[in-house]
Amino acid sequence: MNKEELKEFIDNVKKLFNKQEYQQIVDQMDEINLTDQTLELNYMFVYSLFNCHEYSSARNIIEAYLLEYLKYDQSRELAFDVLLQNQEFVFAHELVCLIHDHEQKKYLNKIESFEANFEKNNPETVKTISRNFYHLSSFDSLMTYRIFHNALKLPLKNYVKQAQFLLMDPFLSSLFKASILDVLRKVRFDQEISFIWIDQQSYQLIPADLSKLEDNLIYVDTNDLLSAKLGNTDPTTYHQLQQELYLQLLISYPFLNKVVRNANDWIDTLIGRYYQDVSDNLDTDSLKWQKKLAKEIDQVLNN
């Protein structure tokens with residue numbers, strides 16, 4: 001669409017929206033590209049889908065503007081309604097932590113009401129999801145990913161109960177433990193939990209006190225160094241190693257400093273291993289840890 005066509009389209013959608021012709025708006029959605037949408041148009045699409053009971057489609061459309069929705073009363077209300085109709089309870093709790101303190105109690109009450117109704121009306125579903133999540137380490141990689149994501153549809157108290165057990169499961173991959181720990185961080189779970197890290201030692205920590213992986217100075221430094229060493233000279237290898245580095249650091253979370261003692265040595269070792277450098281120049285400690293992490297990554301990707 002050119003600018004004139006887009007303006008005409010938006011004006012027509014506004015007229016239909018004001019007349020509450022929601023199905024007609026839904027029927028016209030395929031005529032516009034996502035890149036041509038504005039927040040206002042996205043809101044009218046999502047509101048129309050919601051009122052047509054197409055909750056899953058509403059969730060997909062809202063994705064691009066979800067954080068923007070939290071800034072305004074009307075759109076914030078719609079965002080939580082969409083998430084809760086899709087039983088995205090844990091994610092809804094995460095978003096509550098991103099809004100103003102004076103608004104949080106209102107939305108927490110709303111979420112907890114939905115959770116209570118879901119648990120009351122779907123006890124077997126909650127029981128099945130919880131049981132599968134509890135036994136997360138018993139499944140192959142593909143099923144583990146599915147169960148991990150499906151568990152985010154549990155009421156938060158059920159999720160936390162199973163998560164605390166899984167963080168102490170010696171058979172669960174450190175990748176999934178780190179991901180579960182990050183979920184608890186995002187919902188600002190402020191009670192002490194026990195956690196078996198990749199060294200098989202137990203640690204006590206409070207998830208709410210943790211920072212996110214991407215804010216860790218080691219994460220920033222290693223990514224900057226990798227970009228400086230390969231970003232311009234070998235972009236294909238750079239993107240491949242960037243993915244491996246991310247998995248290495250995620251598995252090491254939250255104790256990156258126990259693994260990466262020197263960012264430059266770590267990146268030189270990562271690049272050296274890729275090019276099969278067998279010289280004595282590679283840092284011994286970095287090489288030892290990277291081989292250990294490679295086994296963890298292989299276990300998740302190829303199990």
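Per an unreviewed UniProt entry, the recorded name for the protein chain is Type I restriction endonuclease subunit R, and the organism is Candidatus Gallilactobacillus intestinavium.

Enquirer: What is the right way to look at the overall build of the protein chain in this model?
Expert: A count of helical and extended segments in the protein chain gives 17 helices and two strands. With the C-alpha coordinates aligned to their principal axes, the bounding extent of the protein chain is approximately 75 × 50 × 35 Å. Considering only contacts within the protein chain whose residues lie at least 6 apart along the sequence, 62% involve residues at least 24 apart. Carbon and sulfur atoms make up 48% of the accessible area of the protein chain, which totals about 16,500 Å².

Enquirer: Just to check I follow, could you spell out the packing of aromatic side chains for this structure?
Expert: Centre-to-centre distance and the angle between the planes together describe a pair of aromatic rings. Inspection of every chain in the model, using the stated rule, returns 18 aromatic pairs. Relative to Tyr22, the ring of Phe17 lies with its centre 5.9 Å away and its plane at 70°, an arrangement referred to as edge-to-face. A relative accessible area of 17% places Phe17 in the buried class. Residue Tyr22 is classed as buried on the basis of its relative accessible area, which comes to 14%. A connected cluster of aromatic rings, assembled from ring pairs, spans Phe17, Tyr22, Tyr43, Tyr47 and Tyr69. Sitting over the ring of Phe255, Lys258 keeps its end group 5.8 Å from the ring centre.

Enquirer: I would appreciate a short explanation of the pattern of salt bridges in the present structure.
Expert: In a structure, side chains of opposite charge can pair up when their charged atoms sit close to one another. All told, the structure shown has 16 salt bridges when counted by the stated rule. Salt-bridge contacts for Lys110 lead to Glu77; the nearest nitrogen and oxygen are separated by 2.6 Å. Placement of the pair is Lys110 in helix α8 (residues 101–121) and Glu77 in helix α6 (residues 73–85), with a sequence separation of 33 residues. Given the relative accessible area of 25%, Glu77 is considered partly exposed. A salt bridge links Arg185 to Asp182, with the nearest nitrogen and oxygen atoms 2.7 Å apart. With Arg185 and Asp182 both in helix α12 (residues 174–186), this residue pair falls three residues apart, about one helical turn. Overall, the relative accessible area of 15% leaves Arg185 in the buried class. Judged by relative accessible area, Asp182 falls into the buried class, the value being 17%.

Enquirer: Can you walk me through the nonpolar core in this structure?
Expert: Soluble globular proteins: nonpolar side chains tend toward being buried together. If you look at the biggest cluster of nonpolar residues, it comprises 94 residues, and the most contacted ones within it are Phe133, Tyr159, Ile180 and Leu226. In this structure, Ile180 is in contact with Phe133, Leu136, Phe148, Tyr159, Ala163, Leu166, Leu167 and Leu172, ignoring residues within four places of it in sequence.

Enquirer: Sorry if this is basic, but what is going on with α12 here?
Expert: Along an α-helix, a turn takes 3.6 residues, which lines up residues three or four apart on a common side. Helix length check: α12 (13 residues) gives 18 Å between terminal C-alpha atoms against 18 Å at 1.5 Å per residue, within 8%. Extensive coverage of α12 is indicated by the burial of 11 of its 13 residues. Along α12, the residues classified as buried are Ser174, Leu175, Phe176, Lys177, Ala178, Ile180, Leu181, Asp182, Val183, Leu184 and Arg185. N-capping of α12 is provided by Ser173, with a side-chain oxygen placed 3.1 Å from the backbone N of Leu175. In the segment just after α12, Arg188 is the residue with positive phi, at about 55°.

Enquirer: Just to check I follow, could you spell out the environment of Leu108 for this structure?
Expert: The topology assignment puts Leu108 in helix α8. Taking the C-alpha atoms as reference, Leu108 lies 7.3 Å from His93; in sequence the two are 15 residues apart. The residues touching Leu108, leaving out its near neighbours within four places in the chain, are His93 and Val96.

Enquirer: I keep staring at helix α4 (residues 55–62) and nothing clicks. Help me out?
Expert: Among all positions of α4, only Ala58, Arg59, Ile61 and Ile62 are buried. One side of α4 carries all its buried residues, which in axial view fall inside an arc of 165°.

Enquirer: It is not clear to me how the environment of Phe50 should be interpreted in this structure. Could you clarify?
Expert: Relative to the elements of secondary structure, Phe50 occurs in helix α3 (residues 39–51). Taking relative accessible area as the criterion, Phe50 reaches 16% and is therefore assigned buried. Setting aside anything within four residues of it in sequence, one finds Phe50 in contact with Tyr55, Ala58, Leu78, Asp81, Val82 and Gln85.

Enquirer: Which parts of the structure should I look at to understand the layout of surface pockets?
Expert: One water molecule sets the probe size; rolling that probe over the atoms shows where empty space is left. Quantified by volume, the largest pocket comes out at close to 710 Å³. In terms of lining, the largest pocket is formed by 29 residues, of which the most central are Glu94, Ser179, Asp182, Val183 and Lys186. Mapped by element, the contributors of at least two residues to the lining of the largest pocket are α5 (66–69), α7 (89–96), α10 (141–150), α12 and α14 (235–252). Ranked by residue count, the leading element in the lining of the largest pocket is α12, at eight residues. Considering only enclosed or pocket space, the second largest pocket measures out at about 290 Å³ in volume. Broken down by secondary-structure element, the contributors of at least two residues to the lining of the second largest pocket are α7, α8 and α11 (156–166). Broken down by element, the lining of the second largest pocket gets its largest block of residues, six residues, from α8.

Parameters at a glance
- Residues numbered from 1 in each chain as written.
- Predicted model: local features only at pLDDT ≥ 70, side-chain atom pairs only at ≥ 80, totals over all residues.
- Heavy atoms only, no water.
- Helix = DSSP H or I, 4+ residues; strand = E, 2+ residues; numbered from the N terminus.
- Contact = heavy atoms within 4.5 Å.
- Areas by Shrake-Rupley, 256 points an atom, 1.4 Å probe, with all protein chains shown as cover.
- Phe/Tyr/Trp six-rings, centres within 6.5 Å; stacked < 30°, edge-to-face > 60°.
- Buried < 20%, exposed > 50% of the residue type's maximum accessible area, 1.4 Å probe, protein only.
- Lys NZ or Arg CZ within 6 Å of the ring centre and 35° of its normal.
- Salt bridge = Lys/Arg side-chain N within 4 Å of Asp/Glu carboxyl O.
- Core = buried A, V, L, I, M, F, W, Y, C linked by side-chain atoms within 4.5 Å.
- Expected span 1.5 Å × (residues − 1).
- Polar contact = N/O pair within 3.5 Å; in protein donor to acceptor, adjacent residues only side chain to side chain.
- Arc of directions from axis to C-beta.
- 1 Å grid on protein atoms, 1.4 Å probe; cavity = no way out; pocket = protein on both sides within 12 Å on 5 of 7 lines; lining within 4 Å.
- Points joined across faces, edges and corners; volume = space filled by probe spheres on them.

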